[in-house]
Amino acid sequence: MWPDLIQKAKEGGLDAIETYVFWNAHEPLRRQYDFTGNLDLIRFLKTIQDAGLYAVLRIGPYVCAEWNYGGFPVWLHNLPGVQLRTDNDVYKNEMQNFTTLIVDMVKQEKLFASQGGPIIIAQIENEYGNVISSYGDAGKSYINWCANMAESLDVGVPWIMCQESDAPQPMINTCNGWYCDSFTPNNPNSPKMWTENWTGWFKNWGGKEPYRTAEDVAYAVARFFQFGGTFQNYYMYHGGTNFGRSAGGPYISTSYDYDAPLDEYGNLNQPKWGHLKELHQVLKSMEKALTYGNVSTTEFGNSVSATMYSFNGSSSCFFGNSNTTSDATITFQGSTYVVPAWSVSILPDCKNEAYNTAKVNAQTSVMVTAANKAEEEPSELKWVWRPENVRETTVLGKGTVSANHLVEQKAATNDVSDYLWYMTSVDLDPNDLIWKSTEDYMTLRVNSSGHILHAYLNGKHIGSKWGTNGAYKFVFEQKVKMHTGKNQLTLLSVTVGLQNYGPHFDTVDTGLVGVQLIGKKGDEQIVKDLSSHNWVYKVGLHGEEKKIYSVESPHASKWYSEDLPANRRMTWYKTNFKAPLGLDPVVVDLQGMGKGHAWVNGKSIGRYWPSFFADEEGCSETCDYRGPYDNNKCVYNCGNSSQRWYHVPRSFLRDDMNTIVLFEEIGGNPSSVSFQTVKVGSVCADAYEGKTLELSCQGGGRTISAIKFASFGDPHGSCGSFEKGSCESDRLLTVLEEACVGEESCSIDVSEGSLGPTNCGSITKRLAVEAIC
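Starting afresh in each chain, residues are numbered from 1 along the sequence in its written order. Only residues with pLDDT of at least 70 get local features here, since the model is predicted, and only at 80 or more are side-chain atom pairs given and counted; chain-wide, interface and lining totals rely on the full set of residues. Calculated side-chain values reflect all of the structure's heavy atoms, with hydrogen atoms and water omitted.

Q: I'm lost on empty space enclosed by the protein in this one. Help?
A: To find leftover empty space, one rolls a probe the size of a water molecule over the atoms. Put plainly, a pocket is an open set of points on a 1 Å grid over the protein atoms alone with protein on both sides within 12 Å along at least five of seven lines, a cavity is a set where a 1.4 Å probe fits but cannot get out, and a lining residue has an atom within 4 Å of a point. Grid points are joined across faces, edges and corners, and a volume is the space filled by probe spheres set on the points. Counted according to the given criterion, the structure contains 4 cavities of 30 Å³ or more. Taken as a whole, the largest cavity holds about 40 Å³ of empty space. Lining of the largest cavity is provided by Glu 388, Asn 389, Glu 392, Thr 393, Trp 421, Lys 538, Gly 540 and His 542. Put simply, Ala, Val, Leu, Ile, Met, Phe, Trp, Tyr, Cys and Pro go in the nonpolar bin, Asp, Glu, Lys and Arg in the charged bin, and everything else, Gly too, in the polar bin. For the lining of the largest cavity, the class distribution of residues is 1 nonpolar, 4 polar and 3 charged.

Pasting the structure below:
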């Protein structure tokens, strides 16, 4: 997908592509490196170069990025004497080794701008300023060491440190956030740079869908350049998918769409992509004035200002209105202008408004999923199944290591699996005080930071629990009936993405931290602490170990076709399917499944958890772009599965037959699983007079089949619910049908000359259209 995504970014007006470098992906085991396939960093940078764009290399190597463990390999955590992100020699040696490795690889291919390559900026560390106070003096000395180490690598391009207000020279400190117009670098000679303009927000399991309007993102960008900004990067421009176990957390979803201008599947997210494209074009037309011009500002009061950039006898202007409710009417150089609330008007010649952030002229694309149209694809997939072998752990208590304490999970697993089995034998003597105090039942209490717990007693599942609303630490309590003699207690702890952010995030415990049996004698509570028992441990699942999700695995043949179970825990499912026809992105609908992991042709498409539903409260059908944004302001999808659709890249698919394997952890029914495609169903536009309306079905060979609604004058409403106003053109529909129906795309000049007279008087007219693809 790289060339296509990069080309769409270039067409959207971008000049550079930023990329992190993920340490845990490239050095999964100490001194064992992987730069193959999608991890081929050099190939990615050369693809950017081939497209004629610049690159920004954010080495970190801590990245955050809602990525598992912030991009750190877990073996780093397990090194004796290590302390991460502080003045610790063990950590610094490893960090320097990896950073130097990356720099040397890039230098060897001559990819830094100083060598004639595309990389114009490099980054060391990431958002350390947010947590530096927690590390005290060692944090300050560490950040100085980072700067000196980076400079010693002699890359010939500037180094940046984002969110680091006391970044040592010559590091350039930069801003991350929703808005950075008021940011000031810590050195007057440093450019004002915005490394992360958050175009949306990430999703959590059980969370609602975040949404940030195109108007607000554009407002933030325009304000930044109005007040001296020089470099602005979107985070994300394309979010993509957290394949494998790469999602961080806890509880960050597989989808990383981020409401970005290019959606998870690489489609244009309209109107955001188009509205920002138009902004980029206008800003580039003013490039000389913005970079070389003299600046003057006029304040009009009530949060309204005009900024003029004058250069070489010409000038360019921004009119900004940060009032959240009131439109502003201003007089500037003898002319009157209306600036809507929470918007910026841009006038490249300081006379004529070329762009306003609140006036969206780009189309809105309504995306739909469509059934698989593969030839001879059966209406229902034929599934086979096999149980996960839990008898060895839940009945026999077999593991690989033992200890007289509860181990920390990431230390034990080295992050090769989400799963760690804790097993112990509980011998109850008839004279045991807790046995004598309990007639029938006692209570099992488990303190977990796991983030999910499944409990088994003598081979029987007795209960499960997981965190909700971000509370991944919890106490599991369950009444249990034991017998005298030996009882086998097995606890399966499951992680859902390791902590990726915060001070000392790397030391946050995962796994079980306490296990007790509790009885009662009268008012007295009898506690039998099992935490220091002899515990036996096993990492991962039997099916993971045997790689039964891989078609090449010799253990992948023992599947059952009869008596397909539904809602059965710890079960593997497999079926074959044909790839959907065409080029549209492919998704698998996993509604009906519980929680688990999915593989297509042996390649992981990530964790799934469609049974985790978002809260029913807090959503709104509309979103007012006016006023400061945060990730709780505009949300939707209340009461629905937090993620139902899972991306299957076309590059994962074969032309003939394909295989999907699901590991179902908590119980689900695969009978409703289906493969579908994502495409544009309809397009809407609400363009202003004097603009050019562009409608497109966004490729795939699809054409505009009908004009569902059209009105030129003073229409109102929004996409899907447009209504005609009090005046409009009579011959509009004929013009649109002749220009657009049967075409993949069309352009319409929004004027009475093109669309016909309206008798609307002197008002600024708009064209509202809804077309079917």
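Q: Looking at this model, I keep getting lost on the sheet that holds strand 11 (residues 314-321). Mind explaining?
A: Sheet strands pair by backbone hydrogen bonding; their relative direction is either parallel or antiparallel. When DSSP locates at least two bridges between a pair of strands, those strands are taken to pair. Only DSSP runs of H or I covering at least 4 residues are called helices, and only runs of E covering at least 2 are called strands; the numbering of each starts at the N terminus. Judged by pairing direction, the sheet is antiparallel, and its 5 strands sit side by side in the order 9-10-11-14-15 without closing on themselves. Looking along the sheet, the strands with just one partner apiece sit at the ends: strand 9 (294-301) and strand 15 (355-356). Relative to strand 11, strand 10 (residues 304-311) runs antiparallel, the two sharing 8 bridges. For Ala 306, the partnering residue across the bridge sits in strand 11 and is Phe 319. Against the sheet, helix 7 (residues 214-226) touches strand 10, strand 11, strand 14 (343-347) and strand 15, its axis set at about 55° to strand 14. Contact definition: two residues touch when any of their heavy atoms are within 4.5 Å. The axes are straight lines fitted to the C-alpha atoms, using for helices just the contacting stretch, and the angles between their N-to-C directions are given from 0 to 180°.

Q: I would appreciate a short explanation of the UniProt feature "domain: SUEL-type lectin" (unreviewed entry) in the protein chain in the present structure.
A: As annotated in UniProt, the feature "domain: SUEL-type lectin" (unreviewed entry) corresponds to residues 687-773 in the numbering used here. Summarising residues 687-773: 15% helix, 31% strand, and an end-to-end C-alpha distance of 19 Å. UniProt positions are given in the numbering used here, feature names are shortened, and annotations may be inferred rather than shown by experiment.

Q: What is the right way to read the packing of aromatic side chains from this model?
A: The description of an aromatic ring pair rests on the distance of the ring centres and on the angle between the ring planes. Two rings from Phe, Tyr or Trp (for Trp, the six-membered ring) form a pair when their centres sit within 6.5 Å of each other. Planes less than 30 degrees apart are called stacked, planes more than 60 degrees apart edge-to-face, and all others tilted. Enumeration according to the criterion identifies 50 aromatic pairs in this entry. On the basis of an interplanar angle of 70° and a centroid distance of 5.2 Å, the ring pair of Tyr 128 and Tyr 142 is categorised as edge-to-face. With Tyr 128 in the loop between strand 3 (119-124) and helix 6 (136-152) and Tyr 142 in helix 6, this residue pair connects regions lying 14 residues apart in the sequence. Each member of the pair, Tyr 128 together with Tyr 142, is buried. Note on classification: 1.4 Å probe, protein chains only; a residue is buried when its accessible area is under 20% of the maximum for its type, exposed when over 50%, partly exposed between these limits.

Q: Where do I start with the state of the cysteines in this structure?
A: One way to say it: the disulfide is the covalent bond shared by the sulfur atoms of two cysteines. Disulfides are defined in this document as cysteine sulfur pairs within 2.5 Å. Considering all chains together, one arrives at 8 disulfides under this definition. A sulfur-sulfur separation of 2.0 Å characterises the disulfide bridge that pairs Cys 727 with Cys 760. Its S-S torsion of about 115° marks the bond between Cys 727 and Cys 760 as right-handed, since a negative value means left-handed. Taken together, the residues Cys 727 in the loop between strand 37 (706-713) and helix 14 (732-740) and Cys 760 in the loop between helix 15 (752-755) and strand 39 (766-772) connect sequence positions 33 residues apart. When its relative accessible area of 11% is taken as the criterion, Cys 727 is described as buried. Here Cys 740 engages in a disulfide with Cys 746; their sulfurs sit 2.0 Å apart. Negative torsions about the S-S bond denote left-handed disulfides, and the value of about 90° found for Cys 740 with Cys 746 makes this one right-handed. Counting only cysteine sulfurs, Cys 162 is the nearest neighbor of Cys 146, a cysteine outside any disulfide, at a range of 12 Å. For Cys 162, which is in no disulfide, the shortest distance to another cysteine sulfur is to Cys 175 and amounts to 9.3 Å.

Q: Please explain the domain arrangement of the protein chain as it appears in this structure.
A: Segment limits for the domains were obtained from an automatic or database-derived domain assignment. Segmenting the protein chain into domains produces domain 1 (1-170), domain 2 (274-359), domain 3 (390-540) and domain 4 (689-772). With centres defined by C-alpha atoms, the gap from domain 3 to domain 4 works out at 64 Å.

Q: Any chance you could explain the nonpolar core here in plain terms?
A: Soluble, globular proteins show a tendency: their nonpolar side chains are buried together. For this analysis, a nonpolar core means a set of buried residues of the types Ala, Val, Leu, Ile, Met, Phe, Trp, Tyr and Cys, connected via side-chain atoms within 4.5 Å. Judged by nonpolar contacts, the single largest core of 92 residues is most densely connected at Ile 102, Trp 159 and Ile 346. Of the residues forming this core, the biggest block, 8 residues, is contributed by helix 7. When residues of this core are assigned to domains, at least three map to each of domain 1 (1-170) and domain 2 (274-359). Discounting chain neighbours no more than four positions away, the residues touching Ile 346 are Ala 222, Leu 279, Val 282, Leu 283, Met 286, Cys 317, Phe 318, Asn 352, Glu 353, Ala 354 and Tyr 355. With 48 residues, the next largest nonpolar core counts Phe 577, Val 600, Trp 609 and Ile 660 among its residues.

Q: When you look at the pairing of strand 8 (residues 231-235) in this model, what are you seeing that I'm missing?
A: The two faces of a sheet get side chains in turn, since along a regular strand they alternate between them. Of all 5 residues in strand 8, 5 are buried, a share of seventy percent or more. By the bridge criterion, 4 bridges tie strand 6 (residues 193-198) to strand 8 in an arrangement that is parallel. Counterpart to Asn 197 in the pairing with strand 8 is Tyr 234.

Q: Would you mind showing me how to read the environment of Ser 553 here?
A: Within the secondary structure, Ser 553 sits in the loop between helix 13 (542-546) and strand 28 (571-578). For Ser 553, a relative accessible area of 11% puts it in the buried group. A C-alpha to C-alpha distance of 9.5 Å links Ser 553 and Gly 602, two positions 49 residues apart in sequence. Discounting chain neighbours no more than four positions away, the residues touching Ser 553 are Lys 546, Lys 547 and Ile 548. Among the polar contacts made by the side chain of Ser 553, one reaches the main-chain amide nitrogen of His 555 at a distance of 3.1 Å. We define a polar contact as two N or O atoms separated by no more than 3.5 Å, with the added condition that, inside protein, one atom must be a possible hydrogen donor and the other a possible acceptor, whereas residues neighbouring each other in sequence contribute only through side-chain atom pairs.

Q: Honestly, the sheet that holds strand 25 (residues 512-521) in this entry has me stumped. Any pointers?
A: Across the sheet, which stays open at both edges, the 4 strands sit in the order 23-20-25-26 with antiparallel pairing between neighbours. Both outer strands of the open sheet, strand 23 (474-480) and strand 26 (524-529), are each paired with one neighbouring strand and no more. Strand-to-strand twist across the sheet, computed as the mean angle between neighbouring axes with direction ignored, equals 25°. Sheet topology note: the strand 25/strand 26 ladder contains 6 bridges and is antiparallel. Across the sheet, the residue bridging to Lys 521 is Glu 524, located in strand 26.

Q: What should I look at first to understand the pattern of salt bridges in this one?
A: Between Lys or Arg on one side and Asp or Glu on the other, a salt bridge is scored when a side-chain nitrogen of the former is within 4 Å of a carboxyl oxygen of the latter. What the rule picks out here adds up to 33 salt bridges. Among the ionic pairs, Arg 31 bridges to Glu 94, the shortest N-O distance being 2.7 Å. With a gap of 63 residues between them, Arg 31 in the loop between helix 2 (23-26) and helix 3 (41-50) and Glu 94 in helix 5 (residues 89-108) connect regions that are remote in the sequence. When its relative accessible area of 4% is taken as the criterion, Glu 94 is described as buried. The salt bridge involving Glu 353 is made with Lys 359; its shortest N-O contact spans 3.2 Å. According to the relative accessible area criterion, Lys 359 is partly exposed, its value standing at 23%. A cluster of three or more residues bridged by salt bridges with shared partners is formed by Glu 27, Arg 30, Arg 31 and Glu 94.

Q: Explanation requested: the pairing of strand 28 in the structure shown.
A: Within strand 28, 6 of the 8 residues are buried, leaving the element largely enclosed by the surrounding structure. Bridge count for strand 17 (residues 383-387) against strand 28 is 5 bridges, and the pairing is antiparallel. Counted as the bridge partner of Val 384 is Lys 574 from strand 28. As judged from the 8 bridges shared by strand 28 and strand 34 (residues 657-664), these two strands associate in the antiparallel manner. Bridged to Tyr 573 within strand 34 is Leu 662.

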